[in-house]
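Working through the structure, step by step
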Amino acid sequence: MNSMTGYIDKHPGEAQRLVGLNYDQLKQLIKQAIALRTQSESEVELKKRRIIKKGGGRKTKLSFEEQILLTLIYLRQLTTFLKT
């Protein structure tokens, strides 16, 4: 378990403060995003014409769940979208 997901799993009340969603909504959003990703990856894989062998390239350091969570935190904390 990564640090941010582990923190939110241990302290579900902090999910509202960090991302603006309660813990159950956050878990449901992540579950739906993972399902959508696997579905779209399988469709893309069927159409893809490979030049480099499958599995090549750099491995990700963050899990997909961690990437979603950090994106939501970033968008929540980013204040440049506000009009001044």
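Keep in mind the model is a prediction, meaning the values are calculated, not measured.

The next subject is the pattern of salt bridges. Under the criterion given, the structure shown has 3 salt bridges. Put simply, Lys27 and Asp9 hold a salt bridge, and the shortest N to O gap is 3.2 Å. Taken together, the residues span a long stretch of sequence, with Lys27 in helix H3 (residues 23-47) and Asp9 in helix H1 (residues 3-10) at a distance of 18 residues. On the basis of relative accessibility, which here comes to 29%, the residue Asp9 falls in the partly exposed class. We note a salt bridge from Arg17 to Glu14, for which the minimum N-O separation is 2.7 Å. Placement of the pair is Arg17 and Glu14 together in helix H2 (residues 14-19), with a separation of 3 residues, close to one helical turn. Owing to a relative accessible area of 23%, Glu14 belongs among the partly exposed residues under this scheme. What you see here is one network of salt bridges that share partners, running through Asp9, Lys27 and Glu65.

Turning our attention to H1. Owing to its 3.6 residues per turn, the α-helix brings residues three or four apart onto one side. Along H1, the residues that are buried comprise Thr5, Gly6 and Ile8. Seen along its axis, H1 keeps its buried residues to an arc of 165°; they face one direction. Opposite its buried face, H1 presents the exposed residues Ser3 and Lys10, each directed more than 90 degrees away. Of the surrounding secondary structure, the elements contacted by the buried residues of H1 are H2, H3 and helix H4 (64-77).

Moving on, we get to the packing of aromatic side chains. Taken as a whole, this structure holds 0 aromatic pairs when the rule is applied. Positioned above the aromatic ring of Phe64 is the side chain of Arg37, whose terminal nitrogen or guanidinium carbon lies 4.2 Å from the ring centre.

This part is about the packing of H3 against H4. In the contact formed by H3 and H4, the axes pass within 10 Å of each other and the chain directions differ by 125°. In terms of their interaxial angle, H3 and H4 are classed as oblique. Handedness of the H3/H4 crossing: right-handed. Along the contact surface, H3 presents Leu26, Lys27, Leu29, Ile30, Ala33, Ile34 and Arg37, while H4 presents Phe64, Glu65, Ile68, Leu69 and Leu72. Of the residues in the contact of H3 with H4, the class split is 9 nonpolar, no polar and 3 charged.

Next up on the list: the side chain of Glu66. Looking at the element boundaries, Glu66 is found in helix H4. Buried charge without a salt bridge: Glu66, with Lys27 as the nearest opposite-charge side chain at an N-O distance of 8.9 Å. One polar contact links Glu66 to Thr5, side chain to side chain, over a distance of 3.5 Å.

Scoring rules and cut-offs
- Residues numbered from 1 in each chain as written.
- Predicted model: local features only at pLDDT ≥ 70, side-chain atom pairs only at ≥ 80, totals over all residues.
- Heavy atoms only, no water.
- Salt bridge = Lys/Arg side-chain N within 4 Å of Asp/Glu carboxyl O.
- Helix = DSSP H or I, 4+ residues; strand = E, 2+ residues; numbered from the N terminus.
- Buried < 20%, exposed > 50% of the residue type's maximum accessible area, 1.4 Å probe, protein only.
- Arc of directions from axis to C-beta.
- Contact = heavy atoms within 4.5 Å.
- Phe/Tyr/Trp six-rings, centres within 6.5 Å; stacked < 30°, edge-to-face > 60°.
- Lys NZ or Arg CZ within 6 Å of the ring centre and 35° of its normal.
- Axes fitted to C-alpha atoms, helices over the stretch in contact; angles between N-to-C directions.
- Parallel < 35°, antiparallel > 145°, perpendicular 65-115°, else oblique.
- Left-handed = near helix turned anticlockwise from the far one by under 90°.
- Nonpolar A, V, L, I, M, F, W, Y, C, P; charged D, E, K, R; others polar.
- Lys, Arg positive; Asp, Glu negative; His and termini not counted.
- Polar contact = N/O pair within 3.5 Å; in protein donor to acceptor, adjacent residues only side chain to side chain.

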